[in-house]
Amino acid sequence: MNSIPTSGAGESDVTITVCPDGPLLVRGAARILDTEGNPIGGDRATVALCRCGRTSIAPFCDSSHKKRRRRT
Ligand code: FES
């Protein structure tokens, strides 16, 4: 029987917070890897991951999600 550990030694305390109309805030000892498995983002305790697609520093949020689109 397979089981998924829910607590105990070695479990990392990582939380992911979904910001309305904004990034995913990842707090804790998460490792962010590129597609080749290389770590990116350094050792920051909190990182904001873009989910709007407008950032110029992907995969991280640069606050571009706050810019409103102009109506033409
Ligand atoms: S969520 Fe902030 S730039 Fe995309």
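Bear in mind that the values here come from a model prediction, so they are computed numbers and not experimental data.

Student: Give a detailed account of the overall build of the chain, specifying residues and quantitative values.
Tutor: Counting secondary structure elements, the chain contains zero helices and five strands. When the elements of the chain are put in sequence order from the N terminus, they spell out β-β-β-β-β. Counting the 72 residues in the chain, one finds 19% classified as buried. Across the chain, the fraction of contacts at a sequence separation of at least 24, relative to all contacts at a separation of at least 6, is 19%.

Student: Describe unusual backbone geometry, and please don't skip the residues or the numbers.
Tutor: Residue Ala58 is joined to Pro59 through a cis peptide bond whose omega torsion reads 10 degrees. The phi torsion at Asp21 lies on the positive side, around 55 degrees, for a residue other than glycine. Along the chain, the position of Asp21 falls in the loop between β1 (15-18) and β2 (24-27). The class for Asp21 is exposed, based on a relative accessible area of 71%. For Ser63, which is not glycine, the phi torsion reads 75 degrees and is therefore positive.

Student: Describe the sheet that holds strand β5 (residues 46-49), and please don't skip the residues or the numbers.
Tutor: Overall, antiparallel pairing links the three strands, which are arranged β1-β2-β5 in an open sheet. The open sheet has two free edges, formed respectively by β1 and β5, since each of these has just one partner strand. The average undirected angle you get between the axes of adjacent strands in this sheet is 20 degrees. Judged from the four bridges that link them, β1 and β2 form a sheet pairing that is antiparallel. Within β2, the residue paired with Thr15 across the bridge is Arg27.

Rules behind the numbers
- Residues numbered from 1 in each chain as written.
- Predicted model: local features only at pLDDT ≥ 70, side-chain atom pairs only at ≥ 80, totals over all residues.
- Heavy atoms only, no water.
- Helix = DSSP H or I, 4+ residues; strand = E, 2+ residues; numbered from the N terminus.
- Buried < 20%, exposed > 50% of the residue type's maximum accessible area, 1.4 Å probe, protein only.
- Contact = heavy atoms within 4.5 Å.
- Pairing = 2+ DSSP bridges.
- Axes fitted to C-alpha atoms, helices over the stretch in contact; angles between N-to-C directions.

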